[in-house]
Amino acid sequence: MSISTETAALVKLSAAEQAAKVKAGEVTSRELVEAHLQVIESAEPSIKAFLKVSGDVALEQADAFDAKSAEDKAKLPELAGVPIAIKDMIVTKGIETTAASKILEGWVPPYDATVIEKLKAAGMPILGKTNLDEFAQGSSTEHSAYQTTHNPWDTERVPGGSGGGSASAVAAFEAPLALGTDTGGSIRQPGSLTGTVGVKPTYGGVSRFGAIAMASSLDQIGPVSRTVLDSALLQEVIGGHDERDSTSIPEGPRPMVAAAREGLKRDLKGLKVGLVKELDGEGFQPGVEARFNEAVAKLKEMGAEVTEVSCPHFPYALGAYYIIMPSEVSSNLARYDGMRYGLRVMPPDGVPQTAANMMAYTREAGFGDEVKRRIILGTYALSAGYYDAWYGSAQKVRTLIINDFKAAFEKVDVLVSPTSPSTAFKFGEKMDDPLAMYMNDIATIPANLAGVPAMSIPAGLSDDGLPVGFQLIAPQQRDEVMYKPAAALEAALEEDWGGPIWTSLKTPWLGE
Amino acid sequence: MPTFSREEIVHLGDLARIALTDEEITRLQGELNVIADSINKVQEVASDDVPPTANPVPLEAYMRPDVAQTPLTQAEALSGAPKTEAGMFVAPRILGSEE
């Protein structure tokens, strides 16, 4: 299908701009959904961001919104009528949800996640479910049991992970917004590699009810978008207390939209910014360093005071993460036992046909390599005799990292670093080396361990022409603090570039 | 520093209820030894005086009103089951190891 110039122009608008057009009566929600479904049809052969496109559901939701009275529409959030894509780690009633695993193939959830209920109530149609590393375990989306998602900036390269589908869909204009989940960087690192904005809210700021559990003390749902303001708008829609999630913060969402709009004035006088000494230097590509340093200079130009701060225990974060995360994975994924839902594989002839053997054969057939690796590692870390040495030590490191953040936030308002040490890498490059793959998340993991909010925004293109991400980290339950400088930096950088980063992106699937 | 023997990987597979193949056991043994080596250094700084943290955003536990709810109907709860009968999940035999 060829994409008209009008459709291409429409899908390139930010979500806030699309919402304004809906509000002004210049476009209907149905027209927005139809435009994005056209782009999905045209882009998917080369991008493969979606595991499932729910076009009929989206059109039905759009029609229901369009049929509302002006009075009822006025009561809805600003993003009302704008469609969204959902990482297939979040359950959607009536729409197949697999976590990109064979063990959940064909599973149609009988309930909605809290965030999905909120999107439906906000009049935001659901375009479909996006690809990920199986059970959100990976940093390239290559661990999906179904397909490999391509980076729109170079389709020979990975989009990052685990939320590579959501990031690619938004970068390729298949959706103006998406939801992701971030356990060690799964929203921010794909954001970095695809030139999009990705936010991990404060732990407990967005309900995890209906987010398929990976590592419960680290998991957090958050927004994926092309602008900082769009993420702020979306985080205010999905955030807030939920009695079905016992880790949900009682207070409502922070004033993030106001902070993002304030940032657009590009005045950062009085803001103290800390460069994290341990999240820079060795192992970071020169092109990543260069764009990062230029962005820091921009913050200074806008009046921010920049100092270096040290977080001495961050070098231990990766080790602590790779103990705590697999331990929680091994426990959470015990539920896939072939009994109540999902795959069931009976043992072969000659093996007793017991429940225990059925579980072992089901899990052998249903889980991929990376998931098995983490379950085995986690089972070990939690086993008698090793619990104190590993799991106990990792939880202590977690305390030390929280203390590092507390000390840093006594000196500065917001911390910054490159999001990912490298730009997008080629398919297969790190698949045979788990440790090299794990290093992708070196700068994103500390925020998960400490529960603090963090986001990635585009910092420009490296020498290889690929996007670089800039990470901002704020204190717990102060998510708005990072939105202001993020929006200011975005505006300043875009002025230099002569437009958003995607004006450099070639989009043949839009007929250009 | 822990090192993983082949027998240990087999045992972990049993504990985790995954019928690992021989090839997987061999590969996991190599990979886990490399990973264990890199994460073992957490012990360097985990001294006795540091308290452990489980939840990074501690909250007071709270209760919702104790009112019976039906979030799913019986049919919905059974809708994804591999096998059902008379409104129940059907499982293979749980006790005993004979056919």
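The rules behind the values
- Note that residues are indexed from 1 along each chain, following the sequence as it is written.
- Chain A is the first chain written and ligand 1 is the first ligand written, with later ones labelled in order.
- Only residues with pLDDT of 70 or above have their local features reported here, since the model is predicted, and side-chain atom pairs are shown and tallied only from 80 upward, although totals for entire chains, interfaces and linings are computed over all residues.
- Elements are defined by DSSP. Helices are runs of H or I of four residues or more, strands are runs of E of two residues or more, and each kind is numbered from the N terminus.
- Based on C-alpha atoms, the radius of gyration is set beside the globule rule, defined as 2.2 Å times the residue count to the power 0.38.
- With C-beta atoms placed from the backbone, a residue is labelled by how many other C-beta atoms lie within 10 Å of its own: buried for 20 or more, exposed for 12 or fewer, partly exposed between the two.
- Placing C-beta atoms from the backbone, we regard two residues as in contact once those atoms come within 7 Å.
- The nonpolar core is taken to be a set of buried Ala, Val, Leu, Ile, Met, Phe, Trp, Tyr and Cys residues joined by way of C-beta atoms within 7 Å.
- UniProt positions are given in the numbering used here, feature names are shortened, and annotations may be inferred rather than shown by experiment.
- In this description, a line fitted to the C-alpha atoms serves as the axis of each element, helices being fitted only across the stretch in contact, and the angle between N-to-C directions of two axes falls anywhere from 0 to 180 degrees.
- Roughly parallel here means an angle under 35 degrees, roughly antiparallel means over 145, roughly perpendicular means 65 to 115, and every remaining angle is called oblique.
- Crossing handedness follows the turn of the near helix against the far one: under a right angle anticlockwise gives a left-handed crossing, and clockwise gives a right-handed one.
- In this analysis, the expected span of each helix is defined as 1.5 Å times one less than the number of residues it contains.
- Each residue is assigned to one class: nonpolar for Ala, Val, Leu, Ile, Met, Phe, Trp, Tyr, Cys and Pro, charged for Asp, Glu, Lys and Arg, and polar for all the others, Gly among them.
- In this analysis, strands are considered paired if DSSP registers two or more bridges between them.
- A crossover counts as right-handed when, viewed with the strands pointing away from the observer, the path leading from the first strand over the helix to the second turns clockwise.

A. Just the overall build of chain B, in detail. Of the regular secondary structure elements, chain B holds three helices and two strands. In chain B, the order of α-helices and β-strands from amino to carboxyl end is α-α-α-β-β. Radius of gyration (C-alpha) of chain B: 23 Å, far over the 13 Å computed for a compact globule of 99 residues. Burial status across chain B gives 16% buried among its 99 residues.

B. Examining the overall build of chain A more closely. Helices and strands together make up the secondary structure of chain A, namely 18 helices and eleven strands. Here the C-alpha radius of gyration of chain A, 22 Å, is about what a compact globule of 512 residues would show, namely 24 Å. Considering only C-alpha atoms, chain A reaches an extent of 70 × 55 × 45 Å along its principal axes. A separation threshold of at least 6 residues defines the contact pool for chain A, and within that pool the share at least 24 residues apart is 77%.

C. Fine view of the nonpolar core. Among the nonpolar cores identified, the biggest contains 167 residues, and A:L79, A:I84, A:I90, A:A178, A:A320, A:I323 and A:V414 are the most heavily contacted of them. Ignoring anything within four residues of it in the chain, the contact list for A:V414 reads A:V273, A:L472, A:I473, A:A474, A:V481, A:M482 and A:P485.

D. Here's a closer look at the UniProt feature "active site" (unreviewed entry) in chain A. Residues and elements named next belong to chain A. As recorded in UniProt, the sites labelled "active site" (unreviewed entry) are K87, S162 and S186. A maximum C-alpha distance of 10.7 Å is found for the annotated residues, which run over 100 residues; spatially they form one tight group. Within the secondary structure layout, K87 lies in strand β2 (residues 84-87). In this view, K87 contacts T130, L132, G163, G165, S166, A178, L179, G180 and T181; residues no more than four positions away in its chain are not counted. Positionally, S162 belongs in the loop between β3 (126-130) and α7 (164-171). Among residues more than four places away in sequence, those in contact with S162 are L132, D133, A136, Q137, G138, T141 and S186.

E. Highlighting unusual backbone geometry. Residues and elements named next belong to chain A. Here G161 and S162 are connected by a cis peptide whose omega angle stands at 10 degrees. Its identity is not glycine, yet T141 carries a phi of approximately 65 degrees, on the positive side. Considering the arrangement of structural elements, one finds T141 in the loop between β3 and α7. Overall, T141 belongs to the buried group, with 33 C-beta atoms counted inside 10 Å. Positioned with a positive phi, F173 is a non-glycine residue whose angle comes to about 70 degrees.

F. Spotlight on the packing of helix α10 (residues 256-263) of chain A against helix α18 (residues 480-497) of chain A. Residue and element names in this part refer to chain A. Between α10 and α18, the shortest axis-to-axis distance is 7 Å and the interhelical angle comes to 30 degrees. Put simply, α10 runs roughly parallel to α18. Handedness of the α10/α18 crossing: right-handed. Contacts from M256, A259, A260, E262 and G263 of α10 reach α18 at E480, Y483, K484, P485, A486, A487 and A488.

G. Structural view of helix α13 (residues 355-366) of chain A. Its twelve residues give α13(A) an end-to-end C-alpha distance of 16 Å, which sits within 8% of 16 Å, the value for a rise of 1.5 Å per residue. Taken together, the buried positions of α13(A) are A:N357, A:M358, A:M359, A:A360, A:Y361, A:T362, A:R363 and A:G366.

H. The arrangement of the interface of chain A and chain B in detail. Taken together, the contact pairs 61 residues of chain A with 48 residues of chain B. Looking at the side of chain A that touches chain B, the elements with two or more residues in it are α12 (317-332), α13, α14 (369-381), α15 (387-411), α16 (434-438) and α17 (445-450) of chain A. Among the elements that line the side of chain A that touches chain B, the one with the most residues is α15(A), at eleven residues.

I. Molecular detail of the packing of α12(A) against α14(A). Residues and elements named next belong to chain A. Interhelical geometry of α12 versus α14 gives an angle of 100 degrees and a closest axis separation of 7 Å. When the axes of α12 and α14 are compared, the pair comes out roughly perpendicular. Where α12 abuts α14, its residues I323, P326, S327, V329 and S330 lie against R374, I375, L377, G378, T379 and A381. When its residues are assigned to classes, the contact of α12 with α14 shows six nonpolar, four polar and one charged.

J. Structural detail: the sheet that holds strand β4 (residues 177-181) of chain A. Residue and element names in this part refer to chain A. On the basis of which strands lie adjacent, the open sheet formed by eleven strands has the order β1-β3-β2-β4-β6-β5-β10-β11-β9-β7-β8 and mixed pairing. For this open sheet the edge positions go to β1 (50-53) and β8 (305-309), each flanked by a neighbour on one side alone. Neighbouring strand axes in the sheet, compared pairwise and without regard to direction, differ in orientation by 25 degrees on average. Bridge analysis of strand β7 (residues 272-276) against strand β9 (residues 414-418) gives three bridges, and the strand direction is parallel. Bridge pairing links G274 to L415 in β9. Lying over the sheet, α7 contacts β1, β2, β3, β4, β5 (197-200) and β6 (221-225), oriented at roughly 165 degrees with respect to β4.

K. Highlighting the pairing of strand β11 (residues 467-473) of chain A. Residue and element names in this part refer to chain A. In terms of burial, β11 is largely enclosed, as seven of its seven residues are buried. Here β11 shows two buried faces, one formed by P467, G469, Q471 and I473 and the other by V468, F470 and L472. In the sheet, β9 pairs with β11 via four bridges, with the strands oriented antiparallel. If you follow P418 over to β11, its bridge partner there is F470. In the sheet, strand β10 (residues 454-461) pairs with β11 via seven bridges, with the strands oriented antiparallel.

L. Representation of the pairing of β3(A) within the structure. Residues and elements named next belong to chain A. In terms of residue burial, β3 counts as a mostly covered element, since five of its five residues are buried. In terms of strand pairing, β1 meets β3 through three bridges, oriented antiparallel. Looking at β3, one finds that F50 is bridged to T130. Pairing between β2 and β3: four bridges, direction parallel. Bridging from a neighbouring strand, A85 pairs with G128 of β3. Taken together, β2, helix α6 (residues 114-121) and β3 constitute a β-α-β crossover, and its handedness is right-handed.

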